[in-house]
Each structure stands twice: as C-alpha cells, then as structure tokens.
Amino acid sequence: MAALQYWLWLAGLPQVSGQMKLALLEHFGGPDKVYYGEQEEYLLVEGINRRTAETLGDKSLDRANRVLGDCDRLGLRVLTIRDAEYPDRLRNIYDPPLALYVQGRMPRFDEEVAVAMVGTRRASAYALETGERLAYQMAAQGALIVSGLAEGGDAAALRGALRAGGVTAAVIGGGHDIIYPKGNRYLYEDIAARGVILSEYPPGTEHIGGHFPVRNRIISGLSLGVVVVEAPERSGALITASRALDQGRDVFVVPGQVGDRRCAGSNALLRDGAGVVTDAWDVLTGYAGRFPHKIRSLRIEEPRRFGGTPVPAEKPVRKSAPPPEPEKPLLDLNGDHGLTDDQLRIVRALEGRTVQVDDLIEETQIPTRRILSALTVLEIDRIVTQESGKRFSLSVALK
C-alpha cells in the first residue's frame, strides 16, 4: 500500500473529478506513481486534458501531511478505496470516494443488512415519531441503520437505532472536527462510541450546502435499500433516493398525508413504484432470506412513545416459539370487492405466484403509470405485498 500522503494528495485535488482520479489510478497503478508522473504521460489517460495535467503538476504534499496530522490528533483513520476493509458495495458504485475518514468501528457493510433512512430537516411530528419507531424496530431485528447527521429525519432514525442497541453509521458532509448541526453533539458522540461516522472530507472542512448531495451517494451506496420517511418536492432525501435507484438499490417510502407539502416528494416516489413502509418488516422481509444469520424474529417491546421523554430501552424479547402461519384474509372476487378494473386484473395475474412488475405490465398490458398507481393502492389496502426486486405477491386468498 502506497504511503497515505499520496492518497490524500490525489484525493485532495479539487479540479480533478472522481472519475479522472480512478482512471489515473488504473493507468499508473497507484497514487505514488500518479504523483511522480509527468504531464505528457497524464495526457495519455482518457479524459485528462492539458489543464488537468497542469493541476496534477502541483506536487506539494503540505496539505496531505497536515491532514494526516489532524487525523492523528482527532483519532481518525483513513480508509482508501484499495484497502480490504473498504466496502465492496461502495467500491462498485459509479463514483466511489477515493478515501474515507473514519471515526469509530467500521462495520463489515457487505455482510450487514444496512438500511438507509432519510428525511427532511423540517420534519413533521408524525415523521419524527414514525422514523424513530421504524429505525428502532429494524435495529432490534438486526439491521444496521445508515443516515446523515442532519437535524430532523436523519437524527430521529439514528436515535431510534441507538435506543434499540443497534449499530449505526452516519455519513457527514464536512470534517469530523466541526459538529453540524451543533445541537447534535451528543448524538454524534453516541454514534462514534457505538458505531461509525464517515466522511470523504478531511478535518477542518466546513459543512456547506454543496457537500450534502455529494455525500448522499455514500449513504445509499453503503446500503441495500433506502427508506424515505418524509420529503417535500425539493429535498436532499429525494436526491438520496435517486442515487439509490441509479445504484440498483431498493427504495421504500412511508406514506404521507395527501396535500401536505412536506411529503409531496415522498408520495410522488410511491406513485412511481417505491415500496410502501408501515412496519419494519415491510423492509426486512426482502432481506431475511439472504441474511438469515442477521435478521431475527423478535417481539419488539417499544420502551416509550417516540418523540416524548426518553427512557432506557429494554432489550427486545425473543419469541419462545414461532407463531403458526396466519391464514390469509379472503377476498371474494364474485361479490362487492371494490376493486377497479386495473386492480382486478393485477390481482388475478398474481394468484398463486410472485411476479416482477415488468412481467405484470407485459402480461396485463396495463400502462406503466397506471399499474404502479394500482399496485400502490393495493399495497396500502394490504391486498398485495412488495418483495425485493419490485416483485409482488398476494396477501389475500381469492374466492
């Protein structure tokens, strides 16, 4: 492994894009070889122009050495993209960070049911309570909750996970030595003690607005899926959801009140086919089979009404024996079932099997927008269940 100073030199060149840095690493073989390269050789790398080559001609290591000193002072580790501990999930996205600054214990993300939970900073009381409750439930059943450290929805999710005794990961948009927002100082300390705080920005970097959309690709990149609790039409949470879709991650949404601007963006995601979340198992059911050693069936004893005065969380109680499989409720298609024509065709197509949404569209010949809308209503009415990979099955028995 090349000396860290060369990694930080390359990562710290603001005029060179992330994709160019990766291309340089592939061409030269390592950051030290990039450092000692000549301008004419830089120009042989696809995408590198004369101006970028001149930027690479700045060989000062002063900034890199200063950052290493700050990391030592603050107790931070530097994790590079070629370290074995760097998560493959993140390494394989389109634009992975070259280096991460790590505070706390780095989980093995590739072996974890990591679920990102995001929401608006100006969250409603309903969103704060629901997000905290869902994070508590998921953490108690074995999920690792990932979020930002912003006020509002992010902080509520992290608090819920911590109170369940779960491991949490927070991704921030600035340096570790600058607490933002200041009101989250104690939450910051709790996460650093029991989980991990990650940033691609070195110590001393202010948390400015342009950093947060960039940071969001890391939140989704570390996770199997993203839960949007509440988001207006212009929201960083929607950016995270968009990056998640680009990365092939699942996207789930907590339904919000129709007409409330605070959830106009998240409700639009539901309209476009995101999974409906009213309970932690709506998210975890798709991952339990893939990670049976992580996800456990528990009766969640919520220690208090979320959003009120905190009290210590009791350890979740394991069920003594699994309950018998409940009988599915009966849906009589010969009676007054209340389904639209589109919903009826979908229900008949799903009888006795699980079907991917694209196959449903092809079989039923229902236009995409209409079928997604119908599936959303059927999910809310608990007639169908969405599984991972946008696959649907019936939650009822047909008569």
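For the structure itself, look to the data block above.
Attention here is on the structure that accompanies the text.

What counts as what
Residues numbered from 1 in each chain as written. Predicted model: local features only at pLDDT ≥ 70, side-chain atom pairs only at ≥ 80, totals over all residues. Heavy atoms only, no water. Helix = DSSP H or I, 4+ residues; strand = E, 2+ residues; numbered from the N terminus. Rg over C-alpha atoms; globule rule 2.2 N^0.38 Å. Buried < 20%, exposed > 50% of the residue type's maximum accessible area, 1.4 Å probe, protein only. Contact = heavy atoms within 4.5 Å. Areas by Shrake-Rupley, 256 points an atom, 1.4 Å probe, with all protein chains shown as cover. Lys, Arg positive; Asp, Glu negative; His and termini not counted. Charge placed at Lys NZ, Arg CZ, Asp CG, Glu CD. Pairing = 2+ DSSP bridges. Axes fitted to C-alpha atoms, helices over the stretch in contact; angles between N-to-C directions. 1 Å grid on protein atoms, 1.4 Å probe; cavity = no way out; pocket = protein on both sides within 12 Å on 5 of 7 lines; lining within 4 Å. Points joined across faces, edges and corners; volume = space filled by probe spheres on them. Nonpolar A, V, L, I, M, F, W, Y, C, P; charged D, E, K, R; others polar. Parallel < 35°, antiparallel > 145°, perpendicular 65-115°, else oblique. Core = buried A, V, L, I, M, F, W, Y, C linked by side-chain atoms within 4.5 Å.

Before going further, it helps to spend a moment on the overall build of the chain. When helices and strands are counted, the chain shows 17 helices and 16 strands. A compact globule built from 399 residues would reach a C-alpha radius of gyration of about 21 Å, and the chain, at 23 Å, matches this within 12%. Each principal axis of the C-alpha atoms in the chain carries an extent, and together these give about 80 × 50 × 40 Å. Counting across all 399 residues of the chain, residues that qualify as buried make up 52%. For the chain, contacts bridging at least 24 residues in sequence account for 68% of all contacts bridging at least 6. Counting only carbon and sulfur atoms, one obtains 48% of the accessible surface of the chain, whose full area is about 19,100 Å². For the chain, the separation between the mean place of its 49 positive charges and that of its 52 negative charges on side chains is 3 Å.

Read from one edge of the open sheet, nine strands run 1-2-6-5-4-3-7-8-9, paired in mixed fashion. Edge positions in the sheet fall to strand 1 (77-80) and strand 9 (275-276), since each of these pairs with one other strand and no more. Where strand 1 meets strand 2 (residues 99-104), four bridges bridge the pair, whose relative direction is antiparallel. Directly across from Leu79, in strand 2, lies its bridge partner Leu100. Packed onto the sheet, helix 14 (residues 280-288) meets strand 3 (114-118), strand 7 (225-228), strand 8 (250-253) and strand 9 and runs at close to 160 degrees relative to strand 8.

It is worth spelling out the layout of surface pockets at this point. Size it by volume and the second largest pocket reaches roughly 530 Å³. At the level of elements, helix 1 (4-11), helix 2 (18-28), strand 2 and helix 11 (211-221) are the ones that each hand at least two residues to the lining of the second largest pocket. Grouping the amino acids of the lining of the second largest pocket by side-chain chemistry returns 14 nonpolar, five polar and five charged.

Between helix 15 (residues 341-350) and helix 17 (residues 368-380), the least distance of the axes is 9 Å, while the angle of their chain directions is 75 degrees. Here helix 15 is positioned roughly perpendicular relative to helix 17, judged by the angle of their axes. Contacts between helix 15 and helix 17 involve Asp342, Gln343, Ile346 and Val347 on the former and, on the latter, Arg370, Ile371, Ala374, Leu375, Val377 and Leu378. Tallied by class, the residues present in the contact of helix 15 with helix 17 amount to seven nonpolar, one polar and two charged.

Time to look at the nonpolar core. The tendency in soluble globular proteins is for nonpolar side chains to be buried as a group. By size, the foremost hydrophobic cluster in this structure holds 52 residues, and its most contacted members are Trp9, Leu10, Leu24, Tyr42, Phe109, Val146 and Val228. If we skip the residues at most four places from it in the chain, Val146 touches Phe109, Ala114, Val115, Ala116, Met117, Ala169, Val171, Ile219 and Ser223. Among the nonpolar cores identified, the runner-up in size contains 29 residues, and Met117, Leu134, Ile145 and Leu284 belong to it.

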